[in-house]
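Coordinate inspection notes
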Amino acid sequence: MLTVFNIQRFSLHDGNGVRTSIFFKGCPLRCLWCNNPESIDPLPSVMFDERLCNRFGECIKAADGRIYEADGALVIDREKIGDPGQLMDVCPSKALRVAGREMSAAEIAAGVEKDLPFYDMSSGGVTLSGGEPFAQGEELGELLLLLRDKRIHVSAETSLHVPWEKVSKYTSLVDMFLADLKHTHPLKFAQYTGGDAGLVLENFRKLDASGSAFVIRVPVVPGFNHSEPEIFSIIDFAAGLEHLSEIHLIPYHSLATEKYHMLGKAYTYKGFADVSKQELVAYADYASQMGITTKILN
Amino acid sequence: MDIPVTGIRTLSPRIKAMRDRLLSSRSTICTERARIYTMAYAEFDSYPVILKRAHALEQTLREMTLFIDEGELIVGNMSSKLRAAPIFPEYVTAWIIDELDEFDKRPGDAFFVTEDQKAELREICGWWKGRTLLERGYSLMSQQIKEIHDAAIIRAEGNLTSGDAHISVNFARILEKGLGGYLAEVAEYRKLLGEVNEQNHGRKDFYDALEIGIRAMESFILRFEKLAAQLAGNENDEQRRSELLTISSNCRNISVNPPQSFYEALQLTWFVQLCLQIESNGHSVSLGRVDQYLCPFYRNDISEGKITREFALELLENTWIRLLSVNKIRSWSHTRFSAGGPLYQNVTIGGQTADGRDAVNQLSYLILESVGMMKLTQPNLTVRFHRNIDPVFLRGCIDVIEKGFGMPAFNNDEIIIPSLISLGVSREDAYNYSAIGCIEVAVPGKWGYRCTGMSFLNFMRVFLAAMNNGLDTMSGKTFCPGTGNFRDFRSFGDMMEAWKHQVKFYAKAAAETDTAVDTALEELVPDILCSAFVDDCIRRGKTIKEGGSVYDFISGLQVGIANLGNSLAAVKKLVFEESRIGREELMYHLGSNFEGIEGEKVRQLLLNYAPKYGNDDDDVDKLLVEAYNCFIDELPKFRTTRAGRGPIGCAYYAGTSSISANVPSGAVVPATPDGRKAFTPVAEGCSPTSGTDILGPTAVFKSVAKLPTGKICGGVLLNQKLSPSTIAGVEQKEKLISIIRAFFETLKGWHVQYNIVSRAILLEAKKHPEEHRDLVVRVAGYSAFFTSLSPDTQDDIIARTEQTL
């Protein structure tokens, strides 16, 4: 089974045309500024939106003491809950919900096929997103084959922070890779994402060698990589890749704070202002000088 | 090559001044028509009704105040002052008397009236007591129909208080023959009638009335000839004097002859449009395919150097101002069904020619551009989409939509033309359809009144009756004994059966209501000019209502479509499949309007755990289709009052173009199983319930396209509200075009229209109406000035889902 936390139709910003994004759960990285914190844990996560709560108490009844009220606030002991499946449908208001559920490849394919007329008309398709899609199990291949049978264009957003074999077996089934390159310096990469820059850089070289079409996506994050030497270094690396089609610069924003709250987590990457598109123009200019087409996304 | 709509042009000072003048003028009342009609009715009391009305019209056109305002190029006023609404006492007086002191205190659509006018209206209305259309209509209803009507399960008030219309006359033919040509035709057919006898005296009266009416129009136009000449005599400005002289000579020519130029053709078109609305109180008097019938004139003038593109634009813009100068006062209860004072004067452009080629022409571009520049509520602009439509023109449409005033709306040839052909409309006529009023369609100049807009059937009242063994809890009456109480239903099948049983009864009741209304309209307020200009009234010697038109199909409006589907799905899943809510429990909480914490819990379950129409979910969409089809399948049993009297059809189809009726209709419906609270609005048209379409516009398109659209010729109304960012930039616009194409070409959607206004702006406009007087929004099948709407309709518009990226 595959673990999915959202299937979003009418996604307009993740590639060509009208697309449906499939958000998979589970990510090998722990980026401090992560915008999809509900995507990190490979298992379903309990999310609670206080604003919607009508205090019916259904979750307290269902959770066997692991959700309780203290000082007028709802306390959710996520550690002890373990598998939150039992809480899936208990809250009438959906103030408390479980993000992430297991779905078969066929189930997902049936869902994304619904917008086929719109993909056809707009040259759109499906975008695998996450989380890290290539951290999913074998069934991902089944899904990709089903999508190919329907001639649906597939893009995949990936951190490339997975063993190369997890990617290589799908290169013929993915039409476009949208791969993140957050930093080139091993120490900083490790510090801010918990990952290994070497693995990512190596996978980029292999992806390039495989002949696949790919875009490099760079989240520009203040306090992490928002400086000319750091971004230029990424661009310099990119310039050495033969099959790169574009670089996309993605300005940092802190809109996810609320989601952290709902997950009972603290958003620790504080004190940084949102980055404006304007601030990225110099990076885009440099990339152009290096002969790389660059887009600044919203 | 025409320049696509770009918005770089600014309005000329003349047009801008006219626009400002119109927008800053208050709605008032004009008593002239009421006074003249009353005196004429008294004078010609003993005459047949058609002649009585001919004389009343003649006297009005002869005596009413005329004026030509500063800078105007297209002339012809409806009443004694700009934006003054005339009164049509022969239709109804009861509400005028009752509401006279409240006109200026309405929360929306207020009218200002002087004390002198009040006194005069009281006197006039006194004379009409017992003689009005409304009274006749009620007298023709059976006791039960009247009770159903009073209980507000079926409403036909608009039809009885405002007459018919919802029609487009044969403008193409009028421009070809001129008024003189019509008079000649009347004379010819009268001659064919031979000696008057018992059989044909009605037809003779009809021809006499036509002659009086058309001649009255000629004289009316000649009054403008004189007025313009007189003003020219006093005019010092050389340019304006020459303009006035041109107006005068235009009027002289078109009073009898076919127009010789684009300018004359447009002026005559307006005079016809105006006189139809002085004659009848009906609205949705539509202009048909303006780009098609006016383009030959435009092309010719351009090639002969008689006109410039800029001047043609000014003339069009002046005409749109004229359209908006038409004003109408309706009873407060009816006003709530059509909030914002709309006149629904539709202009349709684009589409295909009779041989299936793209019909977009130079004038289509000009009309699109001029409407886009004016950003007014009139005309109601419709673009006929088809798969081969000029892509540059289509992009221009999106540019105008981006301006955020709800226009143009799209109707889809790909489904509408085949549907019309399957009804028995000739291929050539089907390819020539136009939108009428909001979104509904008819063949202009050949179709009778009200291709939609007959009675409103409140589906959710019917649904609740189905749950209550036929009892209508609002009135305490059982109009159709039911199949049992919900608490005793054993399966979902029992629920569906109960619905089917009730809706069949109410479908029949709606048709009976329509018959009473139509009979009253035929007997008391036959139209002369409108009949003259619709084929084949002259040939048959019959008014439209007597069966004069070539085609006659009508439809009522079914209100609460999404609520019906959602209620069925909620009951099926949560009560019968999952037993999450008990039957008794549901009935109890519906009765108490989900009172208390237990009630709210049930409501949240209904809202959050049952599938909702608009999310491309078969579990609800298919139930809705089954339930709606049951109503639609009843329709072939009913015929109109014209059956056997001449027209093709005389039959019903379904319709959902329910204007702003979702607010007042919801206001008489208790809580429903879709989690909707008592007396709040129901969903409008075929759009999903506000806030429940959570998967975006493509899923909405898929749901809507599952409806039996081929059988809903009265209109499958879909409002989509997009945030401005969704169509900012070329790439985003292309994406919007591609989903519209998929909806129309692949899914065979029927109609879509867009509101592109941010929620923030609407909230701001509600708070500070004075600063947003020109903010136009799409209400239903039409646009209205946002600030003229009542607060509850404003809230309803704000609540409609804003689909974002």
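Only a predicted model underlies this, so the values are computations on that prediction, with no experimental measurement involved. (Residues numbered from 1 in each chain as written. Chains lettered and ligands numbered in written order. Predicted model: local features only at pLDDT ≥ 70, side-chain atom pairs only at ≥ 80, totals over all residues. Heavy atoms only, no water.)

Moving on, we come to the overall build of chain B. Secondary structure assignment for chain B yields 32 helices and 21 strands. For chain B, whose C-alpha radius of gyration is 26 Å, the value lies close to the compact-globule estimate of 28 Å for 805 residues. Buried positions account for 67% of the 805 residues belonging to chain B. A fraction of 78% describes how many contacts in chain B between residues 6 or more apart in sequence connect residues 24 or more apart. Carbon and sulfur atoms make up 51% of the accessible area of chain B, which totals about 25,700 Å². Taking the 90 positively charged and 102 negatively charged side chains of chain B as two groups, their mean positions are separated by 1 Å. (Helix = DSSP H or I, 4+ residues; strand = E, 2+ residues; numbered from the N terminus. Rg over C-alpha atoms; globule rule 2.2 N^0.38 Å. Buried < 20%, exposed > 50% of the residue type's maximum accessible area, 1.4 Å probe, protein only. Contact = heavy atoms within 4.5 Å. Areas by Shrake-Rupley, 256 points an atom, 1.4 Å probe, with all protein chains shown as cover. Lys, Arg positive; Asp, Glu negative; His and termini not counted. Charge placed at Lys NZ, Arg CZ, Asp CG, Glu CD.)

With that settled, the discussion passes to the environment of Glu595 of chain B. All names here are of chain B. Within the secondary structure layout, Glu595 lies in the loop between helix H25 (583–591) and helix H26 (596–608). When the C-alpha positions of Glu595 and Gly76 are compared, they lie 57 Å apart, and in sequence the two are 519 residues distant. The contact partners of Glu595, leaving out residues within four places of it in the chain, are His589 and Glu600.

All names here are of chain A. Reading across the sheet, the nine strands line up as E7-E1-E2-E8-E9-E10-E11-E12-E13 and stay open at both edges, with mixed pairing between neighbours. Pairing within the sheet leaves two strands with one partner each, and these edge strands are strand E7 (101–103) and strand E13 (294–296). Across the sheet, the axes of successive neighbouring strands diverge by a mean angle of 30°, strand direction being ignored. Here strand E1 (residues 2–11) runs beside E7; their pairing, made up of three bridges, is antiparallel. (Pairing = 2+ DSSP bridges. Axes fitted to C-alpha atoms, helices over the stretch in contact; angles between N-to-C directions.)

Across the contact, 30 residues belong to chain B and 26 residues belong to chain A. Carbon and sulfur atoms make up 63% of the surface buried where chain B meets chain A, a total of about 2,400 Å² over both sides. Between the two partners, chain B and chain A, sit two salt bridges. Of the charged contacts, one joins Glu58 of chain A and Lys601 of chain B as a salt bridge, the two residues approaching to 2.6 Å between their closest N and O atoms. Linking chain B with chain A are 10 residue pairs in polar contact (both at pLDDT 80 or more). Going through the elements one at a time, H26, helix H29 (697–706) and helix H30 (730–746) of chain B are the ones with two or more residues in the side of chain B that touches chain A. (Buried area = accessible area lost by both parts, 1.4 Å probe. Salt bridge = Lys/Arg side-chain N within 4 Å of Asp/Glu carboxyl O. Polar contact = N/O pair within 3.5 Å; in protein donor to acceptor, adjacent residues only side chain to side chain.)

Before going further, it helps to spend a moment on the side chain of Arg450 of chain B. Residues and elements named next belong to chain B. Mapped onto the secondary structure, Arg450 falls in the loop between strand E10 (440–442) and strand E11 (456–458). Residue class for Arg450 comes out buried when judged on its relative accessible area of 3%. Contact partners of Arg450, with chain neighbours within four places excluded, come to Gly158, Asn159, Gly163, Asp164, Ala165, His166, Phe553, Ile554 and Ser555.

A word on the domain arrangement of chain A. Residues and elements named next belong to chain A. Along its sequence, chain A is carved into domain 1 (2–42 + 101–296) and domain 2 (45–97). Summarising the inter-unit geometry, the C-alpha centres of domain 1 and domain 2 are found 32 Å apart. Taken together, the connections running from domain 1 to domain 2 amount to zero salt bridges. Put simply, domain 1 and domain 2 have four residue pairs in polar contact (both at pLDDT 80 or more) between them. In terms of residue count, the dominant contributor to the side of domain 1 that touches domain 2 is helix H10 (residues 257–262) (four residues). (Domains from an automatic or database assignment.)

Here we come to the layout of surface pockets. All names here are of chain B. Roughly 590 Å³ of internal volume is contained in the second largest pocket. Ser25, Ser27, Arg83, Ala110 and Ser788 are the residues nearest the centre of the second largest pocket, which is lined by 27 residues in total. Ranked by residues supplied to the lining of the second largest pocket, first place goes to helix H1 (residues 13–24) with three residues. (1 Å grid on protein atoms, 1.4 Å probe; cavity = no way out; pocket = protein on both sides within 12 Å on 5 of 7 lines; lining within 4 Å. Points joined across faces, edges and corners; volume = space filled by probe spheres on them.)

Moving on to unusual backbone geometry. Both trends apply: most residues other than glycine have a negative phi, and most peptide bonds are in trans. Across the junction of Gly130 of chain A and Gly131 of chain A, the peptide omega takes the value 10°, indicating a cis bond. Within the fold, Gly131 of chain A resides in the loop between strand E8 (125–129) and helix H5 (139–149). Between Gln378 of chain B and Pro379 of chain B the backbone carries a cis peptide bond, its omega angle lying at -5°. Structurally, Pro379 of chain B is set in the loop between helix H16 (362–374) and strand E7 (380–385).

All names here are of chain B. Running from N to C, helix H11 (residues 238–254) and helix H12 (residues 262–279) cross one another at 70°; their axes reach a closest spacing of 10 Å. On the basis of their axis angle, the class for H11 and H12 is roughly perpendicular. As for how H11 packs across H12, the hand of that crossing is right-handed. In this structure, H11 contributes Thr246, Ile247, Ser249, Asn250, Cys251, Asn253 and Ile254 to the contact, and H12 contributes Tyr263, Glu264, Gln267, Leu268 and Phe271. Residue composition of the contact of H11 with H12, grouped by class: six nonpolar, five polar and one charged. (Parallel < 35°, antiparallel > 145°, perpendicular 65-115°, else oblique. Left-handed = near helix turned anticlockwise from the far one by under 90°. Nonpolar A, V, L, I, M, F, W, Y, C, P; charged D, E, K, R; others polar.)

This part covers the sheet that holds strand E15 (residues 557–559) of chain B. Residue and element names in this part refer to chain B. Overall, mixed pairing links the three strands, which are arranged E3-E11-E15 in an open sheet. One side of each edge strand has no neighbouring strand; the edge strands of this open sheet are strand E3 (154–155) and E15. As paired elements, E11 and E15 share three bridges and run parallel to each other. What sits directly across from Asn458, in E15, is Val559.

Residue and element names in this part refer to chain B. Inspection of helix H7 (residues 143–150) places Ile145, Ile148 and His149 among the buried residues, and these make up the whole buried set. For H7, the buried positions fall inside an angular range of 100° around the axis, keeping them on one side. For H7, the exposed residues set more than 90 degrees away from the buried face come down to Gln143 and Asp150. Buried positions along H7 lie against helix H6 (133–140), E3, helix H8 (157–162) and helix H21 (492–524). Phi turns positive, to about 65°, at Ala152, one or two residues after H7. (Arc of directions from axis to C-beta.)

Residues and elements named next belong to chain B. Residue placement: Ile416 occurs in helix H18 (residues 413–423). Sequence-wise, Ile416 and Glu440 are 24 residues apart; in three dimensions their C-alpha atoms are separated by 10.0 Å. If we ignore the near neighbours within four places in the chain, the residues touching Ile416 are Asn411, Tyr433, Val441 and Trp750.

The next point concerns the packing of aromatic side chains. Evaluation of the coordinates by the stated rule reveals 46 aromatic pairs over all chains. Ring geometry for Phe410 of chain B versus Phe744 of chain B: centroids 6.4 Å apart, planes at 75°, classification edge-to-face. One end of the pair, Phe410 of chain B, is in strand E8 (residues 409–412); the other, Phe744 of chain B, is in helix H30, and 334 residues separate them in sequence. Residues Phe410 of chain B and Phe744 of chain B agree in their burial class; the two are buried. Members of the aromatic cluster, joined through ring pairs, are Trp33, Tyr192, Phe224, Tyr252, Tyr269 and Phe272 of chain A. Lying over the aromatic face of Tyr609 of chain B, Lys94 of chain A brings its terminal NZ or CZ to 4.7 Å of the ring centre. Sitting above the plane of the Tyr433 of chain B ring, Arg384 of chain B keeps its charged end 4.1 Å from the centroid. (Phe/Tyr/Trp six-rings, centres within 6.5 Å; stacked < 30°, edge-to-face > 60°. Lys NZ or Arg CZ within 6 Å of the ring centre and 35° of its normal.)

This next bit is on the pattern of salt bridges. All names here are of chain B. This structure, assessed with the given rule, holds 77 salt bridges over all chains. Lys500 serves as the salt-bridge partner of Glu626, at 3.0 Å between the closest nitrogen and oxygen. You can see Glu626 sitting in helix H27 (residues 618–632) and its partner Lys500 sitting in helix H21, a full 126 residues away along the chain. Residue class for Lys500 comes out buried when judged on its relative accessible area of 18%. Across the salt bridge formed by Lys766 and Asp795, the nearest N and O atoms sit 2.7 Å from each other. You can see Lys766 sitting in helix H31 (residues 759–767) and its partner Asp795 sitting in helix H32 (residues 791–799), a full 29 residues away along the chain. By relative accessible area, Lys766 is classed as partly exposed at 32%.

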